[in-house]
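# Observations on the model geometry
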Amino acid sequence: MKIHNLKVNGIREPLGYSFEYLTFSWEISAVRLPQDAIFTVEVAHDELFENILLKKTTTNSFNNLTVKSDFLKPRTRYYWRVSVEEIKSESFFETGKLSEPWLAHWISYQEEAIPCVRFYKNLSLPNKKVRSARLYALGLGLYEVALDNHKIGHEYLSPGYHSYDLIQQYQTYDVTNLLQAESELSFLVGNGWYRGRFVFEGGFENIYGDKQKLIAELHIDYEDGSHGIITSDNTWNVESSLIQENSIYDGEVIDYSADIKVLKLVELNDSQELLEERIDPSVVLLEEFKPRIFYDKANQLILDFGQEISGWLCGEIPAGKEKVTFQFSELLQDGVFYRDNLRTAKQEFKVLNTKQTVEVRPHFTYFGFRYVKVTGLSLMEAEKFSAKVLQSEMDDTFEFDSSHEKLNQLLQNIKWSQKDNFVSIPTDCPQRDERMGWTGDITVFSNTASYNMETRAFLEHYLKNLRLEQKQLDGKVPFFAPYPKISPFEGINPFLTGTASAVWGDAITVLPITLYKHYHDKGILQANVEAMVAWVDSIYKEDEAKGSKRLWHFGMQLGDWLALDTKIPGCVMGATDSVLIASVYYYLSAKNTAEALKILNDDRADFYYQLSSEIKQAMIDSYFYCNELIDKPATLQSEVEQIRQGMMQAFVGVSIDTHTRTQTGLAMLLRYGIYPNEKAKNILTTLLAEEMEKNDGFLTTGFAGTPELPHALLENNLADKAFELLFKEAAPSWLFEVNMGAMTTWERWDSILPNGKISGTDMNSLNHYAYGAVEDFVIEKILGFNLPNVRDEQAIYHIQPYYTDYLSWVNGKLKTPNGYIELSWEKEKSSILIEIEVPTRTTVEFIKLNGETIILNEGKNIIVEVES
Ligand code: BGC
């Protein structure tokens with residue numbers, strides 16, 4: 001296939017999706033084309049392309065085209081093809097109900113809520129041949145749909161997690177080949193995020209609704225031209241199920257001896273206004289792991305899957321078992337199964353009273369785990385179980401290998417933390433009683449994530465929720481999305497009531513620009529630009545009311561979350577002046593917004609460029625006196641610091657000393673060019689070098705500073721320090737985690753202490769992706785891949801590898817729309833051999849050791865550099 005992987009809005013053959021805009025994209029391989037080759041995209045009503053609705057051409061080398069979607073009709077399949085020269089490739093997409101009113105009713109049951117119910121309808125269809133049949137459905141909390149007990153579709157945890165109070169995304173199933181004249185259509189509906197225990201602080205129940213409900217419409221077109229519709233209504237049935245308990249945090253209990261009770265079905269008058277087509281990729285089952293089985297030191301039967309994953313345990317339970325329990329955990333302590341760091345999350349799967357041999361798996365929960373403790377089964381019965389990965393479906397786009405085994409393992413670990421936390425929404429962690437879509441974590445990780453996998457549809461789904469939540473908050477962005485409204489508990493926790501601080505709230509500008517940088521999809525910017533503007537305006541307005549300082553000097557700030565530089569036990573906000581961090585992000589958000597507007601040819605761009613330069617200048621004025629950095633600027637008296645001192649006193653009982661002269665502060669100023677002149681820049685560089693030396697080359701940075709530090713060092717002639725930092729093996733460092741046997745990246749630098757003991761149980765996960773943001777340093781600096789500029793219309797990659805002494809060879813492969821860019825470098829006696837495969841329609845500017853830029857040709861290029 002020369003043109004392949006055709007997608008619409010990042011999804012292959014989307015069925016019943018929402019298309020606010022249409023971005024057609026495709027990949028090419030095994031073909032040579034000129035950079036300005038003309039691609040024609042056609043959309044038709046029919047497979048033969050006789051009735052063309054749209055025809056457009058593009059020469060952009062990112063292989064995509066965004067058009068308006070206003071011509072789309074409900075429940076219609078559209079065929080589209082893309083052609084260049086003599087080559088063609090075809091695909092389709094299909095709309096859902098769009099604005100068409102629902103004929104179905106929401107249905108529920110009259111009795112008190114129970115954890116899981118089964119709605120069903122016996123279908124009796126006319127004896128006619130079915131031409132096409134579609135099922136449009138949504139069960140809240142989580143559901144699985146089946147025809148005669150055969151699950152329909154390949155996805156799990158439907159409908160995924162979204163802001164159910166603001167949007168209710170339904171799914172569409174093609175059931176053409178599944179329907180029989182007589183069959184039973186059934187929906188098993190559990191609690192999920194909708195009504196099960198969720199959110200920290202011990203969790204809240206019934207957040208979005210207090211009982212399960214379902215809406216479904218089955219549309220059947222027969223060969224004879226007739227049409228049949230079956231809708232959820234009061235002719236359906238509902239009963240209890242074998243699933244006795246289910247919750248995202250606590251797991252699931254299935255009792256095979258449970259009585260199935262007939263319940264009284266009720267038709268609800270609930271509004272259908274929030275119903276909308278989905279836009280997210282499906283959550284699917286992927287890799288399967290077989291266990292190593294052993295008894296731990298407490299004589300408990302343990303399965304070790306050798307990898308920390310998010311997912312399920314699946315297998316066979318023999319007849320006659322009264323109670324089999326599986327408990328899930330991340331680690332062992334002193335050779336014993338350990339799970340105190342899950343806080344209140346039970347993470348358990350129980351199967352009771354099997355009458356015959358049964359294949360079991362959970363339905364409405366998932367676990368973050370490597371180890372499983374089994375009770376109620378023999379070793380031989382337990383070892384047949386396997387672990388299966390659950391993850392939102394995304395293409396892998398990056399491969400890496402090098403002479404350094406530990407670096408390779410680190411990159412694997414980062415990818416696993418991404419996989420494990422990309423389940424429906426980007427979560428902070430997959431195991432404890434949290435698993436929420438924290439904005440700050442994905443702000444810092446989105447660039448790395450988008451190198452690893454095609455995140456376009458996944459992150460756009462998250463952004464859609466974030467935008468909806470933002471609308472409720474007058475332009476402010478919450479700490480996490482979806483953002484459950486727990487009104488009776490207001491005031492309980494600043495995260496549940498406040499709007500987000502810097503880094504967190506800035507997700508709304510960082511994610512769209514990062515996605516654009518990776519995919520050059522204008523649809524994403526169109527969808528997000530007003531939200532970006534609203535966020536920057538909300539900070540601007542508050543600053544206007546508080547003295548027009550052009551700094552972000554107010555509100556609650558999390559600073560450099562989890563940084564190590566305060567040395568105060570229990571302090572989670574680091575020692576860097578929060579106004580500095582917040583103002584750098586205010587600057588970045590203003591600039592991202594200006595860039596988005598500029599790309600969309602919107603005149604408002606000038607205002608935000610101007611604003612970003614005013615913020616930069618205000619920072620220079622506050623943080624520098626002549627060329628010198630002011631370590632204790634006036635901003636330290638700001639509202640932010642007062643709030644922070646208040647929080648510190650309340651939680652830790654001490655006050656905290658904050659500075660600008662920290663690794664994080666210096667790295668951020670350097671990275672974003674916030675200094676008055678070259679002399680000041682050199683002073684910052686000297687100070688950063690000193691800060692590194694003071695700490696024996698180790699980092700002290702948290703969420704805000706960590707992604708910046710290695711880049712800032714390398715970009716400022718401190719390459720030795722950057723690589724020393726990356727390759728450190730003692731604590732705190734990335735490779736220390738690898739040395740301690742980590743298979744994912746930890747939340748804290750000291751999640752596990754050098755003696756192997758967990759450092760605390762309060763907020764300590766071994767599967768957080770934020771610090772994995774360092775992978776973009778490996779990609780952009782060691783391999784030297786630099787993506788085309790956001791404003792480039794053509795794919796021009798700049799490649800400038802750094803041949804660090806820690807490595808003798810590397811190999812990297814990055815997927816682009818025109819094929820893979822592959823790069824390897826290998827050190828020979830006194831030279832370095834570099835091989836670069838350049839895909840078609842792609843320009844690579846390679847920067848040599850002597851600073852010379854050379855343009856590489858399509859195909860394999862060999863460069864020899866002589867080390868001085
Ligand atoms: C989460 C984080 C999050 C932070 C913000 C933690 O509990 O796990 O990753 O960003 O809270 O305060």
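Residues numbered from 1 in each chain as written. Predicted model: local features only at pLDDT ≥ 70, side-chain atom pairs only at ≥ 80, totals over all residues. Heavy atoms only, no water.

Just so we agree on the cut-off: UniProt positions are given in the numbering used here, feature names are shortened, and annotations may be inferred rather than shown by experiment.
The name an unreviewed UniProt entry assigns to the protein is alpha-L-rhamnosidase, from the organism Streptococcus gallolyticus. Note on the protein: under the UniProt heading Catalytic activity (unreviewed entry), the record states "Hydrolysis of terminal non-reducing alpha-L-rhamnose residues in alpha-L-rhamnosides."

### Things to note about the overall build of the protein
The condition is simple: Secondary structure counts use DSSP, requiring at least four H or I residues in a row for a helix and at least two E residues in a row for a strand, with both numbered from the N terminus. In this description the radius of gyration comes from C-alpha coordinates, and the expected globular size is given by 2.2 Å times residues to the power 0.38. Here's how the labels work: a residue is buried when its accessible area is under 20% of the maximum for its type, exposed when over 50%, partly exposed in between, all with a 1.4 Å probe on protein chains only. Only heavy atoms enter the contact rule, under which two residues are in contact if any of them lie within 4.5 Å. Each accessible area is a Shrake-Rupley result for a 1.4 Å probe, and residues are judged covered by the shown protein chains and nothing else.
A tally of regular secondary structure across the protein gives 17 helices and 46 strands. Against the 2.2 N^0.38 benchmark of 29 Å for 868 residues, the protein shows a C-alpha radius of gyration of 28 Å, consistent with a compact globule. Structurally, the protein occupies a C-alpha span of about 85 × 70 × 60 Å along its principal axes. Per-residue burial over the protein gives 65% buried out of 868 residues. Within the protein, contacts between residues at least 6 apart in sequence are counted, and of these 73% link residues at least 24 apart. When the accessible surface of the protein is split by element, carbon and sulfur atoms take 47% of a total near 31500 Å².

### Considerations on the sheet that holds strand β46 (residues 859–866)
Cut-off, in case you're wondering: Any two strands with at least two DSSP bridges between them are considered paired. Every axis corresponds to a line fitted to the C-alpha atoms, with the helix fit spanning only the stretch in contact, and the corresponding angles, defined between N-to-C directions, vary from 0 to 180 degrees.
Strand order across the open sheet formed by 5 strands is β34-β41-β42-β43-β46, with antiparallel pairing between neighbours. Strands with a single pairing partner mark the edges of an open sheet, and in this sheet they are β34 (398–402) and β46. Each strand of the sheet is rotated relative to its neighbour by a mean of 10 degrees, with strand direction disregarded. Bridge analysis of strand β41 (residues 809–816) against strand β42 (residues 819–827) gives 8 bridges, and the strand direction is antiparallel. Paired with Gly812 across the strands is Leu823, a residue of β42.

### What to know about the UniProt feature "domain: Alpha-L-rhamnosidase C-terminal" (unreviewed entry) in the protein
On the UniProt side, "domain: Alpha-L-rhamnosidase C-terminal" (unreviewed entry) is annotated at positions that read residues 799–846 here. With 0% helix and 62% strand, the stretch residues 799–846 has end C-alpha atoms that lie 5 Å from each other.

### As for the packing of aromatic side chains
Let me state the cut-off plainly: Only the six-membered ring of Trp is used, alongside the rings of Phe and Tyr, when aromatic pairs are assigned; centres must lie within 6.5 Å, and planes under 30 degrees apart are stacked while those over 60 apart are edge-to-face, with the rest tilted. Remark: a charge is flagged as sitting over a ring if the NZ atom of Lys or the CZ atom of Arg is within 6 Å of the ring centre and within 35 degrees of the ring normal.
Evaluation of the coordinates by the stated rule reveals 49 aromatic pairs. A ring pair is formed by Phe305 and Phe369, whose centres lie 6.0 Å apart and whose planes are at 90 degrees; its orientation type is edge-to-face. Of this pair, Phe305 sits in strand β26 (residues 301–317) while Phe369 sits in strand β32 (residues 367–375), and the two are 64 residues apart along the sequence. Side by side, Phe305 and Phe369 carry an identical accessibility label, which is buried. Aromatic side chains Phe727 and Tyr806 sit 4.5 Å apart centroid to centroid with 10 degrees between the ring planes, which places their arrangement in the stacked category. One end of the pair, Phe727, is in helix α15 (residues 719–727); the other, Tyr806, is in the loop between β40 (796–799) and β41, and 79 residues separate them in sequence. A relative accessible area of 5% places Phe727 in the buried class. Given a relative accessible area of 38%, Tyr806 falls into the partly exposed group. Directly above the ring of Tyr109 sits Lys211, whose terminal nitrogen or CZ lies 5.2 Å from the centroid.

### Side note on the pattern of salt bridges
To keep things clear, this is the line we draw: Whenever a carboxyl oxygen of Asp or Glu lies within 4 Å of a side-chain nitrogen of Lys or Arg, that contact is scored as a salt bridge.
Under the criterion given, the structure shown has 64 salt bridges. Taking the shortest distance from any N to any O, the salt bridge between Arg550 and Glu544 comes out at 3.0 Å. The exposure class assigned to Arg550 is buried, which follows from its relative accessible area of 15%. Classification of Glu544 by relative accessible area gives partly exposed; the value is 36%. For the salt bridge of Lys827 with Asp805, the shortest nitrogen-to-oxygen distance reads 3.9 Å.

### Comments concerning the site of the ligand
Applied cut-off: We call a residue near a molecule or strand as soon as one heavy atom of that residue lies within 4 Å of the molecule or strand. Counted as a polar contact is a pair of N or O atoms within 3.5 Å, where, for protein atoms, one must be capable of donating a hydrogen and the other of accepting one, and residues adjacent in sequence contribute only when both atoms are in side chains. Gly is put with the polar residues, along with every residue not named as nonpolar or charged; the nonpolar set is Ala, Val, Leu, Ile, Met, Phe, Trp, Tyr, Cys and Pro, and the charged set is Asp, Glu, Lys and Arg.
With respect to spatial proximity, 13 residues lie near the ligand, and among them Asp428, Arg432, Glu434, Asp441 and His768 are the closest. Within the side chain of Asp428, one N or O atom sits 2.7 Å away from an oxygen atom of the ligand. Within the side chain of His768, a nitrogen or oxygen atom sits 2.9 Å from an oxygen atom of the ligand. Protein contacts shield 97% of the accessible area of the ligand, which totals 310 Å² for the unbound molecule. For the shell around the ligand, the per-class residue count stands at 7 nonpolar, 1 polar and 5 charged.

### So, the sheet that holds β40
Within the open sheet, the 4 strands sit side by side as β39-β40-β44-β45. Their pairing is mixed. Lying at the two open borders of the sheet, with one neighbouring strand each, are β39 (785–786) and β45 (853–856).

### Considerations on the packing of helix α5 (residues 456–472) against helix α8 (residues 522–545)
The cut-off we apply is this: Handedness of a helix crossing follows the sense of rotation of the near helix relative to the far helix, less than a right angle counterclockwise being left-handed and clockwise being right-handed.
Close contact between α5 and α8 brings their axes to 11 Å; oriented N to C, the two are set at 35 degrees. Along this stretch, α5 crosses α8, giving a crossing that reads as left-handed. Residues Arg456, Glu460, Leu463, Arg467 and Gln470 of α5 lie in contact with α8, whose contacting residues are Ile524, Ala527, Asn528, Ala531, Ala534 and Trp535. Partitioned by chemical class, the residues of the contact of α5 with α8 number 6 nonpolar, 2 polar and 3 charged.

### Comments concerning the nonpolar core
How we decide: Buried Ala, Val, Leu, Ile, Met, Phe, Trp, Tyr and Cys residues that are joined via side-chain atoms within 4.5 Å together make up what is termed a nonpolar core.
Core analysis: the largest hydrophobic core is formed by 249 residues, its most contacted members being Phe119, Leu135, Phe187 and Phe326. Looking at this core, the element that brings in the most residues is helix α9 (residues 578–599), giving 14 residues. The next biggest cluster of nonpolar side chains, apart from the first, holds 27 residues, and it includes Leu6, Trp26, Val67 and Trp80.

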